[in-house]
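# What the coordinates show
Spelled out from the first residue to the last, the chains are:
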Amino acid sequence: MDAVTTDFIHVFEPGTGASRPPLLLLHGTGGDERDLLPFGRMVAPGAGLLSPRGRVLEGAMPRFFRRLAEGVFDEADLIARTHELADFIEQAQRRYGLPAPVALGFSNGANIAASLLLLRPETLAGAVLLRAMSPFATPPETRLAGKKVLILSGALDPIIPAENAARLADALTRSGASVEHRILPTGHGLSQADANLARGWLEA
Ligand code: MLT
């Protein structure tokens, strides 16, 4: 396996005084660190935004971990990349003076956020997972007592099978997280309903 460092290209936008946790923005396949900034500003006005670019390339498309095929993940790489991202988060917290962030991930970014919850739960205060699936065939046991997670799935999503998102919700719930899983009448792309629900959940 390649050596990994904690050096991520990233954007950090400081919060503007609002006493809310920063958001860790995690883009989808082919995105970059700028993709979710407008969405983050919309759903958490005033929050600090920490947005890294995934370090794995699939062709020219950045991702957060390798996959063998669509929906089939290289779990050894996923584990290594999850720890690499967790180390980056801890480094960024020290560098920018931040409390643990709430992850807001889309698609591949939601999948690595789920993996962070399962493998390094202390790095996140909670998570909003947009179009997520279970990152592991057999999710590891972990302790997530008190961790709040919002999962927003699309009923018409051609990439994420509904039963797979439900499996992720189950695994997180069994680990003690407080999970809200909503299925929206939409596809893989984000909709206004995602923004409204994420904003309401982050405010509560
Ligand atoms: C993944 O590879 O993480 C999922 O298939 C979602 C995506 O296409 O990025």
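Read on for an overview of the structure. (Residues numbered from 1 in each chain as written. Predicted model: local features only at pLDDT ≥ 70, side-chain atom pairs only at ≥ 80, totals over all residues. Heavy atoms only, no water.)

### Points about the nonpolar core
Side chains that are nonpolar tend, in soluble globular proteins, to be buried together. By size, the foremost hydrophobic cluster in this structure holds 36 residues, and its most contacted members are Leu24, Leu26, Leu85, Leu129 and Leu172. At the level of elements, β2 (23-26), α2 (75-96), α3 (108-119), β9 (126-130), β10 (148-154) and α4 (162-174) are the ones that each hand at least two residues to this core. Ranked by the residues each element gives to this core, the list is headed by α3, at seven residues. Sequence-distant contacts of Leu129, defined by excluding residues within four places in its chain, comprise Gly105, Ala110, Ala113, Ala114, Val149, Leu150, Ile151, Leu152, Leu168 and Leu172. By size, the runner-up hydrophobic cluster in this structure holds 21 residues, among which are Val11, Leu23, Phe39 and Ala47. (Core = buried A, V, L, I, M, F, W, Y, C linked by side-chain atoms within 4.5 Å. Buried < 20%, exposed > 50% of the residue type's maximum accessible area, 1.4 Å probe, protein only. Helix = DSSP H or I, 4+ residues; strand = E, 2+ residues; numbered from the N terminus. Contact = heavy atoms within 4.5 Å.)

### Here we look at the packing of aromatic side chains
Tallied over the entire structure, the rule returns three aromatic pairs. Taken together, a centroid distance of 4.0 Å and an interplanar angle of 20° make the contact between Phe12 and Tyr96 stacked. Of this pair, Phe12 sits in strand β1 (residues 10-13) while Tyr96 sits in helix α2; the two residues are 84 residues apart in sequence, bridging distant segments of the chain. For the ring pair Phe65 and Phe73, a centre distance of 5.0 Å and an interplane angle of 85° mean the geometry is edge-to-face. Taken individually, Phe65 and Phe73 each receive the classification buried, so the pair is uniform in this respect. The side chain of Arg55 reaches across the aromatic face of Phe8, ending 5.7 Å from its centre. Against the face of Phe65 rests Arg63, its NZ or CZ located 5.2 Å from the ring centre. (Phe/Tyr/Trp six-rings, centres within 6.5 Å; stacked < 30°, edge-to-face > 60°. Lys NZ or Arg CZ within 6 Å of the ring centre and 35° of its normal.)

### A short note on the environment of Ala76
Along the chain, Ala76 turns up in helix α2. By relative accessible area, Ala76 is classed as partly exposed at 41%. Separated by 113 residues in the primary sequence, Ala76 and Gly189 have C-alpha atoms spaced 28 Å apart.

### Remarks on the sheet that holds β10
Pairing in this open sheet of seven strands is mixed, and the strands run β1-β3-β2-β8-β9-β10-β11 from one edge to the other. Sheet topology places β1 and β11 (178-184) at the edges, where each strand pairs with a single neighbour. Across the sheet, the mean angle from the axis of one strand to that of its neighbour is 15°, orientation sign disregarded. The strands touched by α2 are β1, β2 and β3 (49-52); relative to β3, the strand with the most contacts, the crossing angle is about 140°. (Pairing = 2+ DSSP bridges. Axes fitted to C-alpha atoms, helices over the stretch in contact; angles between N-to-C directions.)

### Thoughts on the environment of Ala60
Within the secondary structure layout, Ala60 lies in the loop between β4 (56-58) and β5 (61-63). Taking C-alpha positions, Ala60 is 10.0 Å from Thr29, a pair spaced 31 residues apart along the chain.

### Observations regarding α3
For α3, spanning 12 residues, the distance from its first C-alpha to its last is 16 Å, which sits close to the expected 16 Å at 1.5 Å a residue. Taking burial as the measure, the 12 residues of α3 include 11 buried ones, the bulk of the element. Along α3, the residues classified as buried are Asn108, Gly109, Ala110, Asn111, Ile112, Ala113, Ala114, Ser115, Leu116, Leu117 and Leu118. (Expected span 1.5 Å × (residues − 1).)

### Points about the packing of α2 against α3
Contact geometry of α2 with α3 gives a least axis separation of 9 Å together with a crossing angle of 80°. Taken together, α2 and α3 sit at an angle that is classed as roughly perpendicular. Residue-level contacts link Leu78, Ile79, Arg81, Thr82, His83, Leu85, Ala86 and Ile89 of α2 to Ile112, Ser115, Leu116 and Leu119 of α3. (Parallel < 35°, antiparallel > 145°, perpendicular 65-115°, else oblique.)

### Describing the pattern of salt bridges
Side chains carrying opposite charge are able to pair once their charged atoms draw close together. For the coordinates displayed, the defined rule picks out 15 salt bridges. For Glu58, the salt bridge goes to Arg63, with nearest N and O atoms at 3.8 Å. The class of Arg63 is buried, set by a relative accessible area of 2%. Notably, a salt bridge pairs Asp77 with Arg81, separated by 3.2 Å at the nearest N-O pair. (Salt bridge = Lys/Arg side-chain N within 4 Å of Asp/Glu carboxyl O.)

### Overview of α4
Spanning 13 residues, α4 covers 18 Å between terminal C-alpha atoms, matching the ideal 18 Å at 1.5 Å per step. Of the positions making up α4, those classed as buried are Asn164, Ala165, Leu168, Ala169, Ala171 and Leu172. Burial along α4 is one-sided: seen end-on, the buried residues are contained in an arc of 160°. Residues of α4 that are exposed and point over 90 degrees away from its buried face: Ala162 and Arg174. The inward-facing, buried residues of α4 abut α3, β9, β10 and β11. In the stretch just after α4, Gly176 is the one whose phi turns positive, near 105°. (Arc of directions from axis to C-beta.)

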